[in-house]
Amino acid sequence: MQNPMFLKMQYQMSNLFIHTSKSVLLCSHAKMSSILIKILSMQFLFFLCASQQYDFFYLVQQWNPSYCNTKRSCCYPIYGKPATDFGIHSLWPYFANGSYPQNCNKIHKSVFDEAKISELIGRMQKDWPSLSCPSTNGSKIWKHEWTTRGTCSVATLDQHSYFEAALNMKEKINILQILKNAGIKPGGVYSIFDINEAIRKVTGHEAGIHCNKDAFGKSQLYKVYICVDPSGSRVIECPGIPMGKCRSTIKFPSF
């Protein structure tokens, strides 16, 4: 007959083994769950980026003087001061629900290659300048836009087509000329309504207007958002108007 104390110790050891085994299983399940979540996330990212899931583009143009006259200031490109004009900020793929894909190069492995847009460089330097510091030739910002946003449109537009579409739409929708034709000229103060109405009369659709503040805290026209179809060739009605914080009347500064 076995010693009762021995039996008790054996029972306790058995319970300890069971609890330890459960803990190991729980940890293993947690690790497996974490791995599964990562796999599912990657599959979801692949699903979004590999197929043409975006519904439209925002063609975002920024008023160059408003970028430069803030407290942050700016640095002109190494090839000289840009024109007193709107410059392209981005051609940004979006979903109709207000969300957006980005960094799809992780799926498509489509890296920025400046050689593919060599014939567009002159137009890029004029209409898509970089005003960030230190001064550059623009390649850094173009690479960022392609990597972050352009790669999510490769189901429709390759690298050359993406940049060309943005340039063509800027030329087609000449915001500065539209405003000048409506009597809205750099150096004045105008109402948000009049600015948007001038754009709407030409494009047939409302635009998104964003403002920033100059070095003295005055509200000024900064960015204009125009909605473009997935092919990047036609202005469409915006599924959502991205309105920024602007006063009812704002500056339209000159350089």
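Here, every reference points to the structure presented above.
Residues numbered from 1 in each chain as written. Predicted model: local features only at pLDDT ≥ 70, side-chain atom pairs only at ≥ 80, totals over all residues. Heavy atoms only, no water.

## So, the environment of Q53
Turning to step 1, where the next piece is worked out: Among the structural elements, Q53 can be located in the loop between α1 (4-50) and β1 (56-63).
Turning to step 2, where the next piece is worked out: On the basis of relative accessibility, which here comes to 30%, the residue Q53 falls in the partly exposed class.
Turning to step 3, where the next piece is worked out: Placed 42 residues apart in sequence, Q53 and F95 show a C-alpha to C-alpha distance of 7.4 Å. (Helix = DSSP H or I, 4+ residues; strand = E, 2+ residues; numbered from the N terminus. Buried < 20%, exposed > 50% of the residue type's maximum accessible area, 1.4 Å probe, protein only.)

## What to know about helix α6 (residues 159-172)
Turning to step 1, where the next piece is worked out: Look at α6: 20 Å from first C-alpha to last across 14 residues, which is about the 20 Å you get at 1.5 Å a residue.
Turning to step 2, where the next piece is worked out: Every buried residue belonging to α6 is among Q159, H160, Y162, F163, A165, A166, L167, M169 and K170, and all of these are buried. (Expected span 1.5 Å × (residues − 1).)

## Concerning the pairing of strand β5 (residues 219-228)
Turning to step 1, where the next piece is worked out: In terms of burial, β5 is a largely internal element, 10 of the 10 residues being buried.
Turning to step 2, where the next piece is worked out: Sheet topology places β1 next to β5; 6 bridges connect them, and they run antiparallel. When the sheet's bridge partners are listed, Q61 is paired in β5 with V224.
Turning to step 3, where the next piece is worked out: Relative to β5, strand β4 (residues 208-213) runs antiparallel, the two being bridged by 6 bridges. Bridged to K213 within β5 is S219.
Turning to step 4, where the next piece is worked out: With antiparallel pairing between neighbouring strands as the criterion, β4 and β5 make up a hairpin whose turn holds 5 residues, including G217 at a positive phi of roughly 85°. (Pairing = 2+ DSSP bridges.)

## Some points on the packing of aromatic side chains
Turning to step 1, where the next piece is worked out: Evaluation of the coordinates by the stated rule reveals 17 aromatic pairs.
Turning to step 2, where the next piece is worked out: On the numbers, 5.5 Å between centres and 85° between planes, the contact of Y58 with Y225 is edge-to-face. Here Y58 is found in strand β1, whereas its partner Y225 is found in strand β5, with 167 residues between them in sequence. The pair formed by Y58 and Y225 is uniform in burial state, with each residue classed as buried.
Turning to step 3, where the next piece is worked out: Through a chain of ring-to-ring contacts, three or more aromatic side chains come together here, namely F56, Y58, W92, Y94, Y100 and Y225.
Turning to step 4, where the next piece is worked out: Across from the ring centre of Y67, 4.5 Å away, lies the NZ or CZ of R72, which sits over that ring.
Turning to step 5, where the next piece is worked out: R149 extends its terminal NZ or CZ atom over the ring of W92, reaching a point 3.8 Å from the ring centre. (Phe/Tyr/Trp six-rings, centres within 6.5 Å; stacked < 30°, edge-to-face > 60°. Lys NZ or Arg CZ within 6 Å of the ring centre and 35° of its normal.)

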